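Coordinate inspection notes
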Amino acid sequence: ISNLTIIFLYHLMLFITTRDWSYLLYCLYVLSVDLVILIDGLFLPFGISNGSYQLWSTGIYVFMGLISVFYYLFSRSFLNLKTLLPKWDRIFLWIVALKVFLLVIGIWLENWFMDEQFTSWSTYAIFFIDIPFLLWFFVPLYKTHYRPGRYFIVASGIVFFFGFSLIVFGRMIGIQPF
């Protein structure tokens, strides 16, 4: 059992006892991260054959997309955007819809053309939306003087910055992140 599985089970129990949707959305986020690690860990140590490459590639792509979707849904719920920033609540919903659209299109194009370039393109599109959006979202959230929101968005920015930096650095030295 991984630490993420324990975190998933803990937050699932919190959701069951409190019925707070933030816990369920966080559970789904953590589960998606755990499944990416699990899929990567199952396939990479044994090598990826031609037949299993499509399954590995699609699994990584789907769960990476779901990480992003559940992150936005959790953020929206945790920050209580409906009441705190209603305009931004609608923007978050549109971004989630766009991410789901890109996820479905990427899967469809990969299966239709049997080419992973489509999923690579849409994976980057899904995640490159996040960095400028978080910078743009920080100002109105900061103006609300909602302390948990400030900490949350700064921590998210740091995680996205380091994640982006690792991907770029990995590409520079020839390591494919996924």
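Sequence order as written defines residue numbering, which begins from 1 separately in each chain. Residues qualify for local features only when their pLDDT is at least 70, as the model is predicted, and side-chain atom pairs are given and counted only at 80 or more; totals for whole chains, interfaces and linings, by contrast, use all residues. Neither water nor hydrogens contribute to the side-chain values; these are computed over all heavy atoms in the structure.

1. What about the packing of aromatic side chains?
Think of a pair of aromatic rings as described by two things: how far the centres are apart, and how the planes are tilted against each other in angle. Classification of ring pairs rests on two measures: the distance between centres of Phe, Tyr or Trp rings, Trp counted by its six-membered ring, which must be within 6.5 Å, and the angle between planes, read as stacked under 30 degrees, edge-to-face over 60 and tilted in between. Across all of its chains, the model carries 19 aromatic pairs by this definition. For the pair tyrosine 26 and phenylalanine 74, a centre-to-centre distance of 5.1 Å together with 50 degrees between the ring planes defines the contact as tilted. Here phenylalanine 74 lies in helix α3 (residues 50-78) and tyrosine 26 lies in helix α2 (residues 21-43), a separation of 48 residues in the sequence. Site record: aromatic cluster; members linked through ring pairs are Tyr26, Tyr29, Tyr71, Tyr72, Phe74, Phe78, Trp88, Phe92, Phe133, Trp136, Phe137 and Phe152. Geometry around tyrosine 142 places arginine 150 over its ring, the cationic atom sitting 3.8 Å from the centre. Numbering goes from the N terminus for both helices and strands, where a helix is a DSSP run of H or I of at least four residues and a strand is a run of E of at least two. When the NZ atom of lysine or the CZ atom of arginine is within 6 Å of a ring's centre and also within 35 degrees of its normal, the charge is said to sit over that ring.

2. Comments concerning the nonpolar core
In these notes, a set of buried Ala, Val, Leu, Ile, Met, Phe, Trp, Tyr and Cys residues joined through side-chain atoms within 4.5 Å is what counts as a nonpolar core. Only protein chains enter the calculation, and the probe is 1.4 Å; a residue is then buried if its accessible area is under 20% of its type maximum, exposed if over 50%, and partly exposed in between. With 21 residues, the main nonpolar core has Tyr72, Phe92, Phe133 and Phe137 as its most contacted residues. Listing elements by their share of this core, those giving two or more residues are α3, α5 (86-113), α7 (130-143) and α8 (147-172). In terms of residues, this core owes the most to one element, α3, which gives 6 residues. Ignoring any residue separated from it by four or fewer positions in sequence, one finds phenylalanine 137 in contact with Leu79, Leu81, Leu85, Trp88, Phe92 and Ile153. The next biggest cluster of nonpolar side chains, apart from the first, holds 6 residues, and it includes Val36, Ile39, Ile60 and Ile67. Here, residues are in contact when the closest pair of their heavy atoms is within 4.5 Å.

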